[in-house]
Amino acid sequence: MMLRTKALVFMILYVMILSLIPLPFAVAQEKKGAKDEPVREKHQVTGLFMAEREADLKETFEKIPQVTLVAIDFESAEITVEYVAAQVFPGAKPNQVIERFDNMVRTASNSTFGIKPLRTIPAEKLTRIEVPVEGLDCKACTLAAYEAVYKLDGVEQAFASFRDGKVVALIQPEKTDRAKLEDALKKKGVHVVKTP
Amino acid sequence: MNAIVKSARAMLCLMILYVMILSFPASCRAQPKDFFEQHCIACHSAEVKKGGLDLSALKADLGNADNFARWLKIHDRIESGEMPPKDRKRPKADEIAAAAKAIGGMLGKAEQAKLAGEVRTGVRRLTRVEYENTVRDLLNLPGIPLQGELPADGSAHGFDNNSDALDISHVNLAKYIEAADRALDMAICTQPKPPSVVTQRISLANSAGFVAHVLMHGDGVLLKNKKPDPDFPPAAKHHHIDQGAHERMGSFRNGASVGLFRTEDESFHPYFIEFVTIYPGQYRIKTSFWAFQWNKGKVLPARGTEAARLSIVTLTGDGRGGGHPSTVLSYYDAPSMLETVHEFRTWLNPREIIGFNAASLAHAHTRGKDNAMGFEGPAIACDYFDVEGPIHDVWPPRSHQALFGDLPLVEFDPEASPKVKAPKRKPARQEMGAGRNRPDPEKGIWSVKSDDPLQDADRLLAKFLPRAFRRPVDAETRKVYVGKFEERLKAGDCFETAMRWTYRAALCSPDFLYHIEPAGKLDDHGLASRLSYFFWRSMPDEQLAKLADDGKLHDKETLRKETDRLLAHEKSKRFVEDFLGQWLKLRSIGANDPDRKLYPEFNQYLQDSTVAETRAYFRELLDQNLGAGYLVKSDFAMINEKLAVHYGIPGVSGTQIRKVKLPADSPRGGFLTQASILRITANGTTTSPVTRGAFVMERILGLPPEPPPSNVPAIEPDVRGAKTIREQLDKHRNDQACAACHAKIDPPGFALESFDVIGGFRERYRSIGAGDPAPRGSIDPFIGISFKLGPKVDATGNLPDGRPFSGVGEFQKLIADDRGLLLKNLARQFATYGAGRGMTFSDREEITAIVDRAQKTGGGIRTLMHEVIQSRLFATR
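If you're wondering where the values come from, they're calculated on a predicted model, not measured in any experiment.

Cut-offs applied
- Residues numbered from 1 in each chain as written.
- Chains lettered and ligands numbered in written order.
- Predicted model: local features only at pLDDT ≥ 70, side-chain atom pairs only at ≥ 80, totals over all residues.
- Heavy atoms only, no water.
- Helix = DSSP H or I, 4+ residues; strand = E, 2+ residues; numbered from the N terminus.
- Rg over C-alpha atoms; globule rule 2.2 N^0.38 Å.
- Contact = heavy atoms within 4.5 Å.
- Areas by Shrake-Rupley, 256 points an atom, 1.4 Å probe, with all protein chains shown as cover.
- Lys, Arg positive; Asp, Glu negative; His and termini not counted.
- Charge placed at Lys NZ, Arg CZ, Asp CG, Glu CD.
- Pairing = 2+ DSSP bridges.
- Axes fitted to C-alpha atoms, helices over the stretch in contact; angles between N-to-C directions.
- Parallel < 35°, antiparallel > 145°, perpendicular 65-115°, else oblique.
- Nonpolar A, V, L, I, M, F, W, Y, C, P; charged D, E, K, R; others polar.
- Buried area = accessible area lost by both parts, 1.4 Å probe.
- Salt bridge = Lys/Arg side-chain N within 4 Å of Asp/Glu carboxyl O.
- Polar contact = N/O pair within 3.5 Å; in protein donor to acceptor, adjacent residues only side chain to side chain.
- Domains from an automatic or database assignment.
- Buried < 20%, exposed > 50% of the residue type's maximum accessible area, 1.4 Å probe, protein only.
- Core = buried A, V, L, I, M, F, W, Y, C linked by side-chain atoms within 4.5 Å.
- Expected span 1.5 Å × (residues − 1).
- Left-handed = near helix turned anticlockwise from the far one by under 90°.

(A) Representation of the overall build of chain B in the model. Across its full length, chain B holds 28 helices and 21 strands. Relative to a compact globule of 877 residues, whose C-alpha radius of gyration would be 29 Å, chain B shows 32 Å and is just as compact. Its C-alpha atoms give chain B principal-axis dimensions of about 105 × 80 × 45 Å. For chain B, the share of sequence-separated contacts (at least 6 apart) that also reach a separation of at least 24 residues comes to 75%. When the accessible surface of chain B is totalled, it reaches about 38500 Å², and 52% of it is carbon and sulfur. Averaged over its 119 positive side-chain charges, chain B has a centre that lies 2 Å from the centre of its 111 negative ones.

Next up, the structure:
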């Protein structure tokens, strides 16, 4: 009886051990497969303030090895990229990927583009503010105007074009407003056209 | 009764004079006594004492310097015919000659007695200029800056290389040690391979510089294919915002040319600051300039060739801001719409960069409401700036080889030599944040290796010391230095450190710091050294030293050939700069800034051009062996476009100085009418016939006037236009006490009144008060004019001998005819400069002989120079 009981326990343990052994192996396999496979991800991009900047963005990604720019959605300032995380961001934890990617894009674009997580606030909760401006039709000046508003707390997305004479911002109304946008632009040296 | 007293006094005077003259040597008694009685005593008695001279009170003790000076003055006045004055009974020429000879003989003997057994040239150290040049040539470091850190030299007899001016103090000694260390730091090689050659293309609108900022605001534009760069539109109603955003966006790095409307000023210093030198050495510079006319957004052909200037700028402090000390490299042509490449090599030291200036442009006002798009005016474009270097044709560099010959450079191994201290090293680094060039990584400590230190030290010193000391060095002296080396070696220094210590000792020794010359007639090495310091301001080169070693330099023909060789060498520009800097005071060209209201057209480009003119003219006189008359008058000038415009001479374009035939009616020609001389002899607001006259008397004619009496105040200039300086002077000149001196000093100054403070020709004085509106003339249309035209200039006068002149042209003719006087002065200047001592009365005979010999063979200035160098004055200490 004792022997039988012992054998049973032994067998159960054996089965348990056997069942346990492939488990971590399988997990590791799955993880390895996830890192080695190319992934497609969407991110928000900063610095995409006018349509011509799409070409600059493509040029920037040409300088970043092993990352493919798949698509650009100018309206929402989002890009789709494809890369093998293990190759591009070796050793990075998932929450570090965006930060590293941002650094990579900033370096390649001389800090004129950046990467951030996709917007979480629904579009219907944002307010569109259009500020009429005047200035030189110069891409760098436009970048300056764009950055003046984009860096404000509560601005989720922005566009700027001196050619079209406007700076547009999608804002969280509870955090910012037109006056703050105009102030920031004026502080930067942008001539804000008074509206009736 | 009065008559009796008067005649008694006169008798007494005569008696005293007689006694005094009796003390003269017998040979020269008779003439002076008779001469004085007949022509002098009436005015220069104790009673009348005209001009402050009482002949009866004059002592015959010529060993006393004051007495000697008085008698010398009497001699000169009699010899020149100035005394007795014209309105008195004139002695016959042979009487004058005899009297002058008698006094001269007395003065000569007195001076010879005083100088007997004494050397004429005292012990003298190297001047700052000589020290720097000597170290440069000795160590093959052609651009090392040293003189700026040394105490300023004094000056005596017009030159700083005079033994009377070259004292030495503990400050000098401390500075010599520092300078020697700096030189050895730069000379000694510390790496097995030369630094990587950097090739860098820099836009004038480089980041961290001034230009990007002014481009943003419309004082310039970026251009592509001679059109505004579409990526950087010219500033208009709105200017560019956020320079940082533009730098990140690459606005200034897209290969566009930079067009500038603005010249350098107190707040704007264009630098190519992205290359800051780390390694000293030769660098190749290549840049491209052109000019255009900007017309509110359009690029049109320029008004002519503009001038771009490049300078070597030494960054001080943290390198930020502008106004760092700089040295002009040159001015470069920027022709209309034609990209012109300028390529050259230059030596650069650590922390040095290249600066730019749109030199020929006026301070234009582009900041209207439409900025660049509202501006019309001249501009200079810089397409790019390439720097490449350091360039080494051999490694280790020649500086290192001069110290360590062919000894190998090996990695220092502290384990192999635990008792030997490693040489100290300061790793090369980029000290300026703006510099994008970086040093090479340095691995290990590399140093000279010697298997037989004492023998190698002896061998190296045997080669080094004679070069450093400019003469053979005996074994005993060398042994002392080898002993110093051995001491350091025993103290644990490595071979390099011990040798470095020894070299430093040599560079701070009197043998190096002083001109060591034997008393009396110079030996060959003394002569070689004098010759080399005369023309190169530095040590003899190998050929000259070899001739001295072989004892051939006292051969007249050899000396002549060497003189010509040294003068033809590039280094002789040191002589031209140094000699003219002192003889004609060119060093003081920047002593004051011309008043901006009165002379708004003045700028640095004009100043540098004027100095370049005088140097080129002197070089031309030497090269062509032109006569003494050319010192004051010529039918050509050495000018560039800037000077041609200033002088009103048509048909000259570009920055380079060239020989130009003067129009027949031109008031220019000769040193006196060169803008540099006219500027040096004026202050920033007004001219003074006295100052200019004194300059001409002293520097050109060799007749230095008496110093002004201490109780006579200087004349205050009147720039309001009410009174001319001549009118102010007239009052002064009419004072009998002043008249005699001013009769001599003022005439040259009157003639030169035709030229203003900056050397421009004038018929009326400029005024900032009363006067008529001034026509623009040749002044750049972008320069605002606020001065007016005041009273007319009167440039007429009479020479001291009464000959009249109606203006500067006639004055030049009169002076140019007195070639003997001009040559004598120049011979005296050459001899003073060459021998390092003042010329005295007893040298006059030799100078006269030099001039006579020169005149017999054409009277050319080069001939005169040869005669001086072949003379006893030059070849004797």
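Once you've had a look at it, read on.
(B) Spatial organisation of the sheet that holds strand β17 (residues 764-767) of chain B. Residue and element names in this part refer to chain B. An order of β17-β19-β18 is seen for the 3 strands of this open sheet, with the pairing classed as antiparallel. A single partner strand is all that each edge strand has here, and the edge strands are β17 and β18 (772-773). Two elements, β17 and strand β19 (residues 788-792), share 3 bridges in a ladder whose sense is antiparallel. Bridged to Ser767 within β19 is Lys788.

(C) How the structure looks around the packing of helix α21 (residues 689-700) of chain B against helix α25 (residues 819-835) of chain B. Residues and elements named next belong to chain B. Put simply, α21 and α25 touch, their axes get as near as 8 Å, and they point 70 degrees apart. Regarding the angle of α21 to α25, the classification is roughly perpendicular. Taking contact as the criterion, the partners of Glu698, Arg699 and Ile700 in α21 are, on α25, Leu822, Asn825 and Gln829. For the contact of α21 with α25, the residue count by class is 2 nonpolar, 2 polar and 2 charged.

(D) A look at the sheet that holds strand β4 (residues 114-116) of chain A. Residues and elements named next belong to chain A. Pairing in this open sheet of 4 strands is antiparallel, and the strands run β2-β3-β1-β4 from one edge to the other. Bordering the open sheet on either side are β2 (67-73) and β4, each of which pairs with just one other strand. When the angles between neighbouring strand axes are averaged without regard to direction, this sheet yields 40 degrees. Each of β1 (39-46), β2, β3 (78-83) and β4 touches helix α5 (residues 94-109); the most contacted strand, β4, lies at about 165 degrees to it.

(E) Examining the interface of chain B and chain A more closely. Taken together, the contacts link 17 residues of chain B with 23 residues of chain A. Interface area, chain B with chain A, both sides summed: about 1400 Å², of which 65% is carbon and sulfur. For chain B, the biggest contributors to the area lost against chain A are B:Ile241, B:Arg248 and B:Met249; these three give 50% of the whole. At the boundary of chain B and chain A, one finds 3 salt bridges.

(F) Structural detail: the side chain of A:Asp102. All names here are of chain A. For Asp102, the position within the fold is in helix α5. From its side chain, Asp102 meets the backbone nitrogen of Ile115 in a polar contact 2.6 Å long. Asp102 has contacts with Gly114 and Ile115, leaving out every residue within four places of it along the chain.

(G) Quick peek at the domain arrangement of chain A. All names here are of chain A. Taken domain by domain, chain A comprises domain 1 (38-116) and domain 2 (123-191). Look at where the C-alpha atoms of domain 1 and domain 2 centre, and you get two points 23 Å apart. On the side of domain 2, 12 residues touch domain 1, which itself brings 16 residues to the contact. On the domain 1 side of the contact with domain 2, Phe49, Met50 and Glu52 bury the most area, a combined 45% of that side's loss. At the junction of domain 1 with domain 2, the criterion picks out 2 salt bridges. One salt bridge in this structure joins Arg163 and Glu52, with 2.8 Å as the shortest N-O distance. Here domain 1 is connected to domain 2 by 7 residue pairs in polar contact (both at pLDDT 80 or more). Put simply, the parts of the chain that give the side of domain 1 that touches domain 2 at least two residues each are β1 and α3 (53-62). Of the residues contributing to the side of domain 1 that touches domain 2, the split by class is 5 nonpolar, 6 polar and 5 charged.

(H) Quick look at the environment of A:Arg163. Residue and element names in this part refer to chain A. The residue Arg163 is located in the loop between β6 (155-161) and β7 (166-171) in this model. Arg163 sits 109 residues away from Glu54 along the chain, and the two C-alpha atoms are 17 Å apart. Residues in contact with Arg163, not counting those within four places in the same chain, are Glu52 and Asp137. Reaching out from Arg163, the side chain makes a polar contact with the side chain of Asp137 at a distance of 3.0 Å.

(I) Representation of the pairing of β7(A) in the model. All names here are of chain A. Taking burial as the measure, the 6 residues of β7 include 5 buried ones, the bulk of the element. Both strand β5 (residues 127-134) and β7 contribute to a ladder of 6 bridges, which runs antiparallel. Counterpart to Thr127 in the pairing with β7 is Ile171. Sheet topology note: the β6/β7 ladder contains 6 bridges and is antiparallel. Residue pairing in the sheet places Gln157 in a bridge with Leu170 of β7.

(J) Broad picture of the nonpolar core. Residue and element names in this part refer to chain B. Among the nonpolar cores identified, the biggest contains 76 residues, and Phe535, Phe575, Phe579, Trp583, Phe618 and Phe830 are the most heavily contacted of them. Top element by residues in this core is α25. It accounts for 8 residues. Contacts of Phe575, omitting those with residues within four sequence positions, involve Phe534, Phe535, Arg537, Leu567, Leu580, Phe618, Leu622, Phe830, Tyr833 and Met865.

(K) Structural context of the environment of A:Asn103. Residue and element names in this part refer to chain A. Positionally, Asn103 belongs in helix α5. Residue class for Asn103 comes out partly exposed when judged on its relative accessible area of 43%. Residues Asn103 and Ile115, 12 residues apart in the sequence, show an inter-C-alpha distance of 8.1 Å.

(L) Highlighting helix α12 (residues 495-507) of chain B. Taking 1.5 Å of rise per residue, 13 residues should cover 18 Å, and α12(B) covers 18 Å from first to last C-alpha, within 8% of that figure. For α12(B), the full list of buried residues reads B:Phe495, B:Glu496, B:Ala498, B:Met499, B:Arg500, B:Thr502, B:Tyr503, B:Ala506 and B:Leu507.

(M) View of the packing of helix α6 (residues 170-187) of chain B against α12(B). Residues and elements named next belong to chain B. Running from N to C, α6 and α12 cross one another at 135 degrees; their axes reach a closest spacing of 9 Å. The pairing of α6 with α12 is recorded here as oblique in orientation. Seen from above, α6 lies across α12 with right-handed handedness. Taken together, the residues of α12 that come into contact with α6 (itself represented by Ile177, Ala180, Asp181, Leu184 and Asp185) are Arg500, Tyr503, Arg504 and Leu507. Considering only residue class, the contact of α6 with α12 consists of 5 nonpolar, no polar and 4 charged.

(N) Representation of the pattern of salt bridges within the structure. Residue and element names in this part refer to chain B. Following the criterion strictly, the structure yields 74 salt bridges over all chains and no others. Among the ionic pairs, Asp578 bridges to Arg537, the shortest N-O distance being 2.9 Å. Here Asp578 is found in helix α17 (residues 573-583), whereas its partner Arg537 is found in the loop between α14 (524-535) and α15 (542-549), with 41 residues between them in sequence. Judged by its relative accessible area of 5%, Asp578 is buried. A salt bridge links Glu562 to Arg565; its shortest N-O distance comes to 2.9 Å. Highlighted residues: Glu562 and Arg565, both in helix α16 (residues 556-568), separated by 3 residues, approximately one helical turn. Take Glu562: its relative accessible area is 3%, and that puts it in the buried class. The class of Arg565 is partly exposed, set by a relative accessible area of 21%. Three or more residues joined by partner-sharing salt bridges are found here, namely Glu130, Asp160, Arg537, Asp578 and Arg587.

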